[in-house]
Amino acid sequence: MTILAIENLHVEFSTPFGAVYAIRGIDFTLAKGDILGLVGETGCGKSVTGRSIMRLLDDNARITGGRIVFEDVDLLRLTDADMHDIRGNRIAMIFQDPATALNPLFTIGEQIMDVLRAHQSNGHGGLKVRAMRLLADVGLPDPAQMMNVYPHQLSGGQQQRAMIALSLAADPDVIIADEPTTALDVTIQAQILDLLRKLQRERAISVLLITHDLGIVAETCQQVVVLYAGRVVEKGAVEAIFASPQHPYTRGLLAALPRPGSRGSDLQVIAGTVPSGLERIAGCAFAPRCDYVMDICRRQQPALSFINSAHVSACYLHEMPKDD
Amino acid sequence: MTEPLLSVHDLSMVYLRRAGLFGRRAQPIRALNGVNFTVGAGETLGIVGESGCGKSTLARCLLRLLRPSGGGIQFDGEDLLALKNEDMRMMRQRMQMVLQNPFSSLNPRLNGFELVAEPLRTHTMMSRKEMVDRVVTLLAEVGLSAEFMSRHPHQLSGGQAQRIALARALALNPDFIVLDEPTSALDVSVQAQIINLLLGLQRQRGLTYLFITHDLSVVQHISDRIAVMYLGKIVEETSSEAIFANPQHPYTQALLSSTPVPDPAAKRQRIILPGSVPSATNPPAGCAFHTRCPQVMDICRMRYPASRLVARNHRVSCHLYEESA
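In this text, all values refer to a predicted model and were calculated from it rather than measured experimentally.

## As for the interface of chain A and chain B
Quoted interface sizes are often the accessible area lost when the parts come together.
Part 1 of the argument: With 40 residues of chain A in contact, the opposing surface of chain B contributes 32 residues.
Part 2 of the argument: Taken together, the elements giving at least two residues each to the side of chain A that touches chain B come down to helix H8 (186–203), helix H9 (214–220), helix H10 (238–243) and helix H11 (248–255) of chain A.
Part 3 of the argument: Here the element with the most residues in the side of chain A that touches chain B is H8 of chain A; it accounts for 7 residues.
Part 4 of the argument: Partitioning the side of chain A that touches chain B into residue classes produces 18 nonpolar, 13 polar and 9 charged.

## Quick word on the pairing of strand E11 (residues 307–311) of chain B
Regular strands place their side chains on alternate faces of the sheet.
All names here are of chain B.
Part 1 of the argument: Examined bridge by bridge, E11 and strand E12 (residues 314–317) share 4 bridges and lie antiparallel to one another. Along E12, the bridge assignment pairs alanine 311 with histidine 314.
Part 2 of the argument: Between E11 and E12, which pair antiparallel in sequence order, lie 2 residues; one of them, asparagine 313, sits at a positive phi of approximately 55°.

## Re the environment of threonine 183 of chain B
Residue and element names in this part refer to chain B.
Part 1 of the argument: Along the chain, threonine 183 falls in the loop between strand E7 (176–180) and helix H7 (188–205).
Part 2 of the argument: Assessed through the 25 C-beta atoms surrounding it within 10 Å, threonine 183 is described here as buried.
Part 3 of the argument: For the pair threonine 183 and aspartate 215, spaced 32 residues apart in sequence, the C-alpha separation works out to 9.6 Å.
Part 4 of the argument: Excluding residues that lie within four positions of it along the chain, threonine 183 makes contacts with Gln191, Ile194, Ile195 and Val218.

## Focus: the sheet that holds strand E4 (residues 61–70) of chain A
Whether parallel or antiparallel, the strands of a sheet pair through hydrogen bonds between backbone atoms.
Residue and element names in this part refer to chain A.
Part 1 of the argument: If you trace the 4 strands from one edge of the open sheet to the other, you get E2-E1-E4-E5, paired in antiparallel fashion. The open sheet has two free edges, formed respectively by strand E2 (18–31) and strand E5 (73–74), since each of these has just one partner strand.
Part 2 of the argument: When strand E1 (residues 2–15) meets E4, the two strands line up antiparallel, connected through 8 bridges. Its bridge partner lying in E4, isoleucine 6 is registered against isoleucine 68.

## Here we look at the confidence of the model for chain B
Should pLDDT be low for a region, the predicted coordinates there are not to be read in detail.
Part 1 of the argument: Mean pLDDT for chain B: 93, with 98% of residues reaching 70 or above.
Part 2 of the argument: Per the prediction output, this complex has pTM 0.91; the corresponding ipTM is 0.88.

## Describing the pairing of strand E2 (residues 25–39) of chain B
All names here are of chain B.
Part 1 of the argument: One ladder, built from 12 bridges, connects strand E1 (residues 6–19) with E2; its direction is antiparallel. Across the sheet, residue tyrosine 15 finds its bridge partner in E2, namely isoleucine 29.
Part 2 of the argument: Counting the residues that bridge the hairpin from E1 to E2 gives 5 residues, and of these glycine 20 lies at a positive phi of roughly 80°.

## Comments concerning unusual backbone geometry
All names here are of chain A.
Part 1 of the argument: Of note, glutamate 179 is a non-glycine position whose phi angle comes to about 50°, a positive value.
Part 2 of the argument: The residue glutamate 179 is located in the loop between strand E7 (174–178) and H8 in this model.
Part 3 of the argument: Given 19 C-beta atoms within 10 Å, glutamate 179 falls into the partly exposed group.

## Considering the nonpolar core
Part 1 of the argument: One finds Ile112 and Ala165 of chain A together with Val228 of chain B to be the most contacted residues of the largest nonpolar core, which totals 178 residues.
Part 2 of the argument: Setting aside residues no more than four positions away along its own chain, isoleucine 112 of chain A makes contact with Ala131, Leu134, Ala165, Leu166 and Ala169 of chain A.

## Examining helix H1 (residues 46–54) of chain A
Part 1 of the argument: Within H1 of chain A the residues assigned to the buried category are Lys46, Val48, Thr49, Gly50, Ser52 and Ile53 of chain A.
Part 2 of the argument: Following H1 of chain A by one or two positions, arginine 55 of chain A has its phi on the positive side, about 55°.

## What about the sheet that holds strand E4 (residues 70–75) of chain B?
All names here are of chain B.
Part 1 of the argument: Spatial strand order, E2-E1-E4-E5: 4 strands in an open sheet with antiparallel pairing. Either end of the sheet is taken by a strand with one partner, and the two such strands are E2 and strand E5 (78–79).
Part 2 of the argument: Looking at chain direction, E4 and E5 are connected through 2 bridges and run antiparallel. By the bridge assignment, glutamine 74 is partnered in E5 with aspartate 79.
Part 3 of the argument: Packing against the sheet, helix H1 (residues 55–62) makes contact with E1, E2 and E4, and its axis sits at approximately 70° to E2.

The rules behind the values
Residue positions are given per chain, counting from 1 as you read along its sequence in written order. Chain letters and ligand numbers both follow the written order, the letters beginning at A and the numbers at 1. Local features are withheld for residues below a pLDDT of 70 in this predicted model, meaning they are given only at 70 or higher, and side-chain atom pairs are given and counted only at 80 or more; totals for whole chains, interfaces and linings count all residues. Here the contact rule is simple: place C-beta atoms from the backbone, and any two residues whose C-beta atoms are within 7 Å are in contact. Only runs of H or I of at least four residues qualify as helices and only runs of E of at least two qualify as strands under DSSP, and these elements are numbered from the N terminus. Residue polarity follows a fixed list, in which Ala, Val, Leu, Ile, Met, Phe, Trp, Tyr, Cys and Pro are nonpolar, Asp, Glu, Lys and Arg are charged, and the others, Gly among them, are polar. DSSP bridges decide pairing: two strands pair if at least two such bridges lie between them. Once C-beta atoms are placed from the backbone, each residue is buried if 20 or more other C-beta atoms lie within 10 Å of its own, exposed if 12 or fewer, and partly exposed for counts between those two. Scored between 0 and 100, pLDDT is the confidence that the predictor attaches to each residue. We define a nonpolar core as a collection of buried residues of the types Ala, Val, Leu, Ile, Met, Phe, Trp, Tyr and Cys that are connected via C-beta atoms lying within 7 Å of each other. For helices, the axis comes from a line fit to the C-alpha atoms of the stretch in contact; other axes are also lines fit to C-alpha atoms, and the angle between any two N-to-C directions lies between 0 and 180 degrees.

Below is the structure:
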């Protein structure tokens, strides 16, 4: 069952150099209880997508088209007050740097109890008991003592756990996690990813996991959406896409990763650079860097075509007759 | 094996952190605590570890940007710590460093030519004409055209800026380069380009690298040998192949199993370590890893395990292997 659907979303930023097209029409759906990975390199629009869903875009950004449907309601049509209710209560967001998202002036306990009070989420026991239960749920040691500490007294991993506890306080249905482990060490990253999987399993929370790391997607997500220059190039079930990537960009990304056993050999590279957001792109955005580019790729944007029921990719190669 | 180009023995570095009112209390931080290794000419040694393990302090001590508190560093037969400042300045022509973020290591006011020519200006008597020729050659070597001479850092992408930083490091024909997380700030496709460039330069110039990173998949690709650090000590050191095929130290095993692999079909045993790295101001007694180790024994809390050879070219500091020895 779909809980969140992004339909033909377009987002522009106005800058002194002209309009920057950050999102050029993307579609995907998050199924209830799934972890969906939104993956791509710098500037592909993955974070802008997350912020668009929360309607937390900067002032110079404008959503120029499309819908964001959460349980049959288009979030883009809600009043600010109604959106405020959705944010936190139904959809929560966690960020790369928890130190800037937590309030440095209040203890962890005060911040969580604030959210519990504001959202009046149903639960048993007093505010303090419920806050401590949340801290225990996210694996923070000694919750009673944690209630009284300030964010700066915690390590990076503990801050991210506190941030997750805070986002759970309102009992949301969806969590948008924007690079939640990028600032953390690998052993701490493993703890946080394990926690996200546990929350998904035990609370049936749906997670949109925004990341640049294909390894994290492979280990954590059920579904994946690969973005390039503000468009979806490939999406589907994680097993299908990693076992048999179809789009030349996805293939290039996977081939560029160093792997055990390849020591000292040259890695495969993707020639060229990502197009500027200032450009209007008529054809496939990846065409200038693609090894298989054809005339049509430069003229007309390829639609997403089915590889199989669990896997779609936007490339004209899929429409070519196969040799074998 | 011939003499190593670089050998480090029992290196330690203690910082004093001022604490308390007006900094009257000084807290010692043990960033390096008896580090030993060697790097042969033309070889790449990878140093892997998480934040606070001392890997960047190690880099700074090697180039004597920091004065180590104890131990010794031999570079090509010279005792670096005994060199006079002027002699060390000459020695740095042969030892260079490339940092993680080129935008903070490159002066934003200088253009590509000035950035790459700066070491030539301070260390050689080249004429302007010679310098231009040399800079053009260096830029070509790192895959940039001559037009980058007029670009300033803010006009460069992350990958291009890192290439400028490399050209600058190569300007004086060094033998040895310390690479401190050189690809960590880059996207995957750009990271691959820089790794290929580093491998190519090493082949052509016979460079020796010390490659510092937290990323195991990158380090195994570029290194001949890998040393794993935890809280100021090397806990395991062996060939790049053996670290992956046969990791011995429980920390190395956990580090490997925590590194995400881009293959959902890989069914791996996940070792998730509890807690985080203890503070270097107050390191645990015995083996510093005992607070998180899944296989901790009583002795680990009391005594630091000596470094043992468990196989050819494979050193581990762990009581698990002392028992069997």
